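In case you want the letters, here they are:
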Amino acid sequence: MVFRLRNGDEAAFTVLYRQYANALLGIIGKVLDGDIELSKEVLQEGMLKVWKNINSYDSTKGTLFTWMLNICRNMAIDKTRSRSFKNQQKNESMDAKAWLENKFQYQPQPETIGVVKMLDILQPSQREVVDTIYMLGYSHSEAAERLQIPVGTVKTRLRSAILELRKHFNE
Amino acid sequence: MNVTELISSGKLELYVAGSLPSDEMKEVADAIARHPEVAEEVNRIEAAMVALYASYAQPLSTEEMNNQVRAILRSESDHSLLPVTPPAKQARLISMSRFAVAAMVTGLVLSLALAGYLGMQYNRLRDEVAGIRGRQEQMVQENDKLKKESQILETRFNVMKDILTKRVELKFIPGNKFTSDNSFIVVYWHPPSQKLMVANAQLPDLPTNEQYQLWALLGNQQVDLGVFDTRNGQVPPEFMKNINAAQGFAVTVEPRGGSKTPTLSNICMMAKM
């Protein structure tokens, strides 16, 4: 896939886009507080960046999905720094990271109608590990510090969470 | 760490997140390349994460996906993002944008033509202004020169018209090797103002390493009144000095720059009052 993308294969890019667009949109939407139109715009900008910068992807630093996730997440975080978005959020005094962390304080909230309640599959303690690692992009030691749990527990919870998800999605 | 331990360690989940230290990321990447079961496990983890995050948002419709892909691939060629819109609306936008592009191109061409014309005009006017400025500076310099000459003439005239001004005509010293009996030099000295000037002269021009030097004679003393060059035998009119007392005047030929005391063998012109 990467080889084909690097050769400018548009069909390969279309496959890649279809495979990951909704997942990336979910992460972007979470960062942008559910602003659907803005999230779609960021997704398009992010995937354009992926397409144009495919040669800078280094497979020894993670999967293609991880790389795309980082690009899209960072672009979404950049959007939260823009004045218009802050105005929209009436949240000018808070910096992007604090704002993002604030968003991931776990409180019971109703899921959007029509969206599959996948998160219900996970325990709150598993969800916060998953989101801290994947959404916020923290390393396991940073996640341990943020969640105030040992590093080993971070790994265990993450693995158990993924296994739980895999029961529903993969197997 | 064998494959089973690696799979159960929790590292692969962190690898998919890109959250491991770089050396461990590389280790896992190597394991993926070497062991198909590790690669398969990573794919399953990734698939689970993709499914999880896809569930966070309302999925894009096929139409929206197609529009985005088209817009991205087109951006690659024209380097601009296209809006994601339903096809019918997009078609209208495209036709509008074609009109807009045509209008922009026309506007651009007209702007470039206008800019070119204004640029030419600007260059022409800039050259004209530079020429006028040059002539103005030249006129200012000429004006300064005339003013200075006028002041000199006025001073000379004031000295010459005054009844108290003494007219002293210096004559050649027989036997000197510089001047002849055709040579003369007339100085006007106005004691009240101490001004002294050369009114007229006829002296041979000297080589460039030599100059005439004028002296005031007072008793046994010779007071230096400065050096001068001649041009076609004439002394420049701006040659003016101040001297409060004199009994006569003499001219010697000295090395360029003058001497502290007159070279007696080079005295060529003299007058006593």
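These numbers were taken from a predicted model, which means no experiment stands behind them.

So, the overall build of chain B
Consideration 1: Regarding its fold elements, chain B presents six helices and eight strands.
Consideration 2: Counting helices and strands in the order they occur from the N terminus, chain B gives α-α-α-α-α-α-β-β-β-β-β-β-β-β.
Consideration 3: Put simply, chain B has 273 residues, and 25% of those count as buried.
Consideration 4: For chain B, long-range pairs separated by at least 24 residues make up 56% of all intrachain contacts whose partners lie at least 6 apart in sequence.

So, the sheet that holds strand β1 (residues 166-172) of chain B
Residues and elements named next belong to chain B.
Consideration 1: With antiparallel pairing, the eight strands of this open sheet are ordered in space as β5-β4-β7-β8-β1-β2-β3-β6. Looking at the sheet topology across the chains shown, the edges are occupied by β5 (221-228) and β6 (240-242). Averaged over all neighbouring strand pairs, the angle between strand axes comes to 25 degrees, with direction disregarded.
Consideration 2: Relative to strand β2 (residues 184-190), β1 is paired through six bridges, and the arrangement is antiparallel. Paired with K171 across the bridge in β2 is F184.

Considerations on the packing of helix α7 (residues 124-135) of chain A against helix α8 (residues 140-147) of chain A
When two helices pack together, their arrangement is captured by the angle between the axes and the distance separating the axes.
Residue and element names in this part refer to chain A.
Consideration 1: Where α7 contacts α8, the two axes come as close as 10 Å, and the packing angle between them is 130 degrees. Between α7 and α8, the angle falls in the class oblique. Here α7 and α8 pass one another in a crossing that is right-handed. Judged by residue contacts, E128, V129, T132 and I133 of α7 engage H140, A143, R146 and L147 from α8.
Consideration 2: Among the residues making up the contact of α7 with α8, the classes are represented as four nonpolar, two polar and two charged.

How each quantity is defined
Residues numbered from 1 in each chain as written. Chains lettered and ligands numbered in written order. Predicted model: local features only at pLDDT ≥ 70, side-chain atom pairs only at ≥ 80, totals over all residues. Helix = DSSP H or I, 4+ residues; strand = E, 2+ residues; numbered from the N terminus. Buried ≥ 20, exposed ≤ 12 C-beta atoms within 10 Å, placed from the backbone. Contact = placed C-beta atoms within 7 Å. Pairing = 2+ DSSP bridges. Axes fitted to C-alpha atoms, helices over the stretch in contact; angles between N-to-C directions. Parallel < 35°, antiparallel > 145°, perpendicular 65-115°, else oblique. Left-handed = near helix turned anticlockwise from the far one by under 90°. Nonpolar A, V, L, I, M, F, W, Y, C, P; charged D, E, K, R; others polar.

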